[in-house]
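# Summary of the model geometry
The chain contents come next:
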Amino acid sequence: MKPGSSRRKRTQLTHAGRHPHDNHGVVNPPVYHASTILQPTLAQWEASRKPGWTGYRYGRWSTPTSNAFEEAVTEFYGAAGTVAVSSGKAAITNALLACVSPGQHLLVTDNAYGPTRRFSDAFLSRFGVEVTYFDPEIGAGIAGLFRPETVAVYTEAPGSHTFEISDIPAIATAAHRHGAVVLMDNTWASALYFDAFAHGVDIVVEAVTKYICGHSDVMMGVIAANETWAGPVREMAKLHGNGCGGDDLYLAQRGLRTLAVRMEQNGQNGLALASWLESRPEVSRVLHPGLPSHPGHALWKRDFTGSSGLFGFVLKPGYPRNALAAMLDGLELYGMGASWGGYESLILPLDPTSDRTATTWDEPGQLMRVHAGLEDIDDLIADLGAGLDRLSSATARTG
Ligand SMILES: *Cc1c(COP(=O)(O)O)cnc(C)c1O
């Protein structure tokens, strides 16, 4: 069987980017640790420096290990090409820099990952790119924001702090009518649960650090792009000196093999926690697009085929800080730390108010973000339930 887009995602995740019989039958691709790569003759040395050379020339450029991983991600995403870079953030910045030049205009969703926003404000604007933020729920209304110099639209769905779902096909249609390229941060759903290219996206970024790696021990990102953009994004990433170490590439590729079973469990646990939280008296709102109560639920059902383990909830207003500390400090199964997508559960208090300009975050209560790990759901509910009990009793004592 040829590697093919006709295979289903779970089959691709198992087989893509592996060629055992090129390597003594060993199931997994070998790890190449390489900086210097030798050419055997003067003629081959000269050929290896020319554009269009498809062999190896230097460790930063590519190795059999990076090729194997990029080949697997390309097939998984149904992309024309993929480049692996040193973090999810590097995927975002390189993808954007491949699309915009001084004097041009970029539209960015208002719920974008915070560091994306800071790159747009602190770096792109310094280099003469004007950035306008748009309401993630704008849909086809985005047509009104295009200017003659608008060249790109950057989306993310759901937002990884506030979980709004954007109508990606409507935004992409408007962008393409205007001749603008559509980028998307697809870290939440990965290609397993959202087929970005089928919904009109031209360039996808994903933080491999999260679900693809899946074990909280690798920083890496990918940019997967269509035929038009695969070349330019690779070139930009390489201009910036991006490359990844062989061991990290190996771990990322190994993570792909179990992505589907892990994400299924993360997703089930997340949805179970989210619907249980809806019944808790301390909670005013649960932000999970898989819940019928979520404003983006219909869009999520139309465009996504599942949910990952990351979601938010808002506490009722009025809980003092010491009660929040009593809740969080006593949790046994949920760690407090940035990142997500690993096998373990996490919880964080967040405040998105200062990360907004096109919309306002006006929930009066404390926003919390949960990553559901692979633990037993009954233990996860019991631990968080005990935490919410501590929140209430510490508040009663204070009050
Ligand atoms: C974590 C994250 C990134 C950045 O990935 P790093 O590997 O941490 O740089 C990008 N987008 C989203 C939505 C993320 O959660």
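First things first, this report covers the structure right here in the doc. Predicted, not measured: the structure shown is a model, and the values here were computed from it.

### What to know about the overall build of the chain
Within the chain one finds 13 helices and 12 strands. Against the compact-globule benchmark of 21 Å for 399 residues, the chain has a radius of gyration of 22 Å, which places it among compact chains. The principal-axis extent of the C-alpha atoms belonging to the chain is close to 80 × 55 × 35 Å. Within the chain, buried positions represent 55% of all 399 residues. Expressed as a percentage of contacts within the chain between residues at least 6 apart in sequence, the contacts between residues at least 24 apart total 74%. Accessible surface, the chain as shown: approximately 17,000 Å² in total, 54% of it carbon and sulfur.

### Topic: the sheet that holds strand β5 (residues 181–185)
Read across the open sheet, the 7 strands follow the order β1-β7-β6-β5-β4-β2-β3; overall the sheet is mixed. Two strands bound the open sheet, and with one partner strand each, they are β1 (81–85) and β3 (130–134). With direction set aside, neighbouring strand axes in the sheet form an average angle of 20°. For β5 and strand β6 (residues 203–207), the ladder comprises 3 bridges, and the chain directions are parallel. By the bridge assignment, Leu183 is partnered in β6 with Ile203. Running at roughly 20° to β1, helix α8 (residues 227–239) makes contact with β1, β5, β6 and β7 (221–225) of the sheet.

### What to know about the pattern of salt bridges
A complete count under the given rule lists 12 salt bridges for this structure. In this structure, Arg147 and Glu130 form a salt bridge, with 3.0 Å as the shortest nitrogen-oxygen distance. In this pair, Arg147 sits in the loop between β3 and β4 (150–156) while Glu130 sits in strand β3, placing the two residues 17 residues apart along the sequence. Given a relative accessible area of 44%, Glu130 falls into the partly exposed group. Residues Glu282 and Arg280 are paired through a salt bridge, measuring 2.8 Å at the closest nitrogen-oxygen approach.

### A few points about empty space enclosed by the protein
One pass over the full model with this rule turns up 2 cavities of 30 Å³ or more. For the largest cavity, the calculated volume is near 60 Å³. Every residue lining the largest cavity is listed: Asp110, Asn111, Ala112, Tyr113, Gly114, His161, Thr162, Pro352, Asp355 and Arg356. Counted by class, the lining of the largest cavity contains 3 nonpolar, 4 polar and 3 charged residues. Volume-wise, the second largest cavity comes out at about 30 Å³.

### Overview of the site of the ligand
Surveying the vicinity of the ligand reveals 14 residues, the closest of which are Gly88, Lys89, Asp185, Thr209 and Lys210. With respect to the ligand, the side chain of Lys210 contributes an N or O atom lying 2.7 Å from an oxygen atom. Between Trp340 and the ligand, the recorded distance is 3.0 Å, taken from a side-chain N or O atom to an oxygen atom. The protein chains hide 92% of the 380 Å² of surface that the ligand would expose on its own. In a pocket analysis with a 2 Å cut-off to the grid points, the ligand is assigned to the largest pocket.

### Digging into the side chain of His199
Summarising the element assignment, His199 is placed in the loop between α7 (190–193) and β6. A residue is classified by how much of its surface remains accessible, and His199, at 17% relative accessible area, is buried. Here Asp195 takes part through its backbone oxygen, which lies 2.8 Å from a polar atom of the side chain of His199.

### Remarks on the sheet that holds strand β8 (residues 283–287)
Picture the strands of a sheet paired through backbone hydrogen bonds; they go either parallel or antiparallel. If you trace the 5 strands from one edge of the open sheet to the other, you get β8-β9-β12-β11-β10, paired in mixed fashion. What marks the edges here is a single partner per strand, and that holds for β8 and β10 (334–335). In this sheet, strand β9 (residues 310–315) lies alongside β8 in antiparallel orientation, the contact comprising 4 bridges. Each bridged residue has a counterpart across the sheet, and for Leu287 the counterpart in β9 is Gly312. Of the strands in this sheet, β8, β9, β10 and β12 (367–371) touch helix α10 (residues 259–277), which is tilted by about 15° from β9.

### With respect to the side chain of Thr155
Turning to its location among the elements, Thr155 is positioned in strand β4. The buried category is assigned to Thr155, whose relative accessible area is 1%. Reaching out from Thr155, the side chain makes a polar contact with the backbone oxygen of Leu183 at a distance of 2.8 Å. Non-local contacts of Thr155, meaning those with residues more than four positions away in its chain, are made with Thr109, Phe134, Ile168, Ile171, Leu183, Met184 and Asp185.

Thresholds applied
- Residues numbered from 1 in each chain as written.
- Predicted model: local features only at pLDDT ≥ 70, side-chain atom pairs only at ≥ 80, totals over all residues.
- Heavy atoms only, no water.
- Helix = DSSP H or I, 4+ residues; strand = E, 2+ residues; numbered from the N terminus.
- Rg over C-alpha atoms; globule rule 2.2 N^0.38 Å.
- Buried < 20%, exposed > 50% of the residue type's maximum accessible area, 1.4 Å probe, protein only.
- Contact = heavy atoms within 4.5 Å.
- Areas by Shrake-Rupley, 256 points an atom, 1.4 Å probe, with all protein chains shown as cover.
- Pairing = 2+ DSSP bridges.
- Axes fitted to C-alpha atoms, helices over the stretch in contact; angles between N-to-C directions.
- Salt bridge = Lys/Arg side-chain N within 4 Å of Asp/Glu carboxyl O.
- 1 Å grid on protein atoms, 1.4 Å probe; cavity = no way out; pocket = protein on both sides within 12 Å on 5 of 7 lines; lining within 4 Å.
- Points joined across faces, edges and corners; volume = space filled by probe spheres on them.
- Nonpolar A, V, L, I, M, F, W, Y, C, P; charged D, E, K, R; others polar.
- Near = heavy atom within 4 Å.
- Polar contact = N/O pair within 3.5 Å; in protein donor to acceptor, adjacent residues only side chain to side chain.
- Sits in = over half its atoms within 2 Å of the grid points.

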